[in-house]
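# Examination of the molecular architecture
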Amino acid sequence: MPRKSAKKPQPPKLPKGEAEQVRIRREIGHDFALKPDGFGRQRLTTGTAEARRIYEVSNGGYTSTGGVVRLRNVDPLTGVTSLSRQQREAGQRFRDDFERSQREGLLPQSWSERVDSGRIGGGVPDRVLSAGRAYAHAAAALAHWEVAEAVRKICLEGQSVKAVAERTGDGRDVVVKLLKIGLDLLAVHYGMMGRKVG
């Protein structure tokens, strides 16, 4: 009886358009949002605002032939013009904490971390713990669920104020107010501004 050879697992198909987005990012040097998957392919880091941005290239889709790259989505932190410098910085830092916590959790352990049997707590690397802790503490500083949701949808998911307002049924001014309150709370948490009294 002939032996059946085990088939190598086939990589799942990439979502529509992801391969092109990866290629464009690599061509222009915006590979900071890419990570290798289990099959060695470069992928967009899911769940990040950067992964949701769409790069479009004119002239047949290649920069090498003179195509111009346009970024279709505007970052809401720059799109809301009434935000202060501290609010923008706090929102960016919150986004960075979130993305770092997502990225660090996906990185493979180094051999020293696998071999080190003296580590207490199951061997979870400190960088993973600190990245997750930084994000959790910042998220806890947002205090109220409506404030937290507005900040999360706009800063982390990259949704526009208009989209959040349509989804919640609130006016744009309400969403912007919730966002500003959340960004002020984050700025206090990160030590960028003092807590207001009175």
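What you are looking at is a predicted structure, and each value in this text was computed from that prediction instead of being measured. (Residues numbered from 1 in each chain as written. Predicted model: local features only at pLDDT ≥ 70, side-chain atom pairs only at ≥ 80, totals over all residues. Heavy atoms only, no water.)

## Points about the confidence of the model for the chain
Model confidence for the chain is summarised by a mean pLDDT of 79, while 78% of its residues fall at 70 or above. Across the chain, helix α9 (residues 172-189) holds the top mean pLDDT of 93, while helix α5 (residues 111-115) sits lowest at 49. (pLDDT = per-residue confidence, 0-100. Helix = DSSP H or I, 4+ residues; strand = E, 2+ residues; numbered from the N terminus.)

## Side note on the packing of helix α6 (residues 126-141) against α9
α9 packs onto α6 with a crossing angle of 130 degrees between their chain directions and a minimal axis gap of 8 Å. In terms of their interaxial angle, α6 and α9 are classed as oblique. Taken as a pair, α6 and α9 cross one another with a handedness that is right-handed. Contact residues: His137, Ala138 and Ala141 in α6; Leu185, Leu186 and His189 in α9. For the contact of α6 with α9, the per-class residue count stands at 4 nonpolar, 2 polar and no charged. (Axes fitted to C-alpha atoms, helices over the stretch in contact; angles between N-to-C directions. Parallel < 35°, antiparallel > 145°, perpendicular 65-115°, else oblique. Left-handed = near helix turned anticlockwise from the far one by under 90°. Contact = heavy atoms within 4.5 Å. Nonpolar A, V, L, I, M, F, W, Y, C, P; charged D, E, K, R; others polar.)

## Some points on unusual backbone geometry
One non-glycine residue, Ala143, lies in the positive phi region at around 65 degrees. Its relative accessible area of 72% is what places Ala143 among the exposed residues. (Buried < 20%, exposed > 50% of the residue type's maximum accessible area, 1.4 Å probe, protein only.)

## Let's talk about the packing of aromatic side chains
For the structure on display, the rule yields 2 aromatic pairs. The structure contains a cluster of three or more aromatic residues connected by ring pairs, namely Phe94, Phe98 and Tyr135. (Phe/Tyr/Trp six-rings, centres within 6.5 Å; stacked < 30°, edge-to-face > 60°.)

## Things to note about the layout of surface pockets
Of the volumes computed, that of the largest pocket is approximately 220 Å³. Around the largest pocket, the lining residues are Pro15, Lys16, Gly17, Glu18, Glu20, Gln21, Arg43, Leu44, Thr46, Ala51 and Ile54. Mapped onto the lining of the largest pocket, the elements with two or more residues apiece are α1 (18-28) and β2 (42-44). Counting residues per element, the lining of the largest pocket draws most heavily on α1, which supplies 3 residues. Its residues assigned to classes, the lining of the largest pocket shows 4 nonpolar, 3 polar and 4 charged. Of the pockets and cavities examined, the second largest pocket occupies roughly 160 Å³. What lines the second largest pocket is a set of 12 residues, and nearest its centre among them are Phe32, Glu50, Arg95, Asp96 and Glu99. At 5 residues, the largest contribution of residues to the lining of the second largest pocket is made by helix α4 (residues 85-106). Along the lines of polarity and charge, the residues of the lining of the second largest pocket split into 2 nonpolar, 3 polar and 7 charged. (1 Å grid on protein atoms, 1.4 Å probe; cavity = no way out; pocket = protein on both sides within 12 Å on 5 of 7 lines; lining within 4 Å. Points joined across faces, edges and corners; volume = space filled by probe spheres on them.)

## Thoughts on the pattern of salt bridges
Under the counting rule described, the total for this entry stands at 9 salt bridges. Arg23 is paired through a salt bridge with Glu27; the nearest N and O atoms lie 2.8 Å apart. Of this pair, Arg23 and Glu27 both sit in helix α1, 4 residues apart, roughly one helical turn. Looking at Arg23, the relative accessible area reads 25%, which means it is partly exposed. For Glu157, the salt bridge is made with Lys153, and the minimal N-O distance between the two is 3.9 Å. (Salt bridge = Lys/Arg side-chain N within 4 Å of Asp/Glu carboxyl O.)

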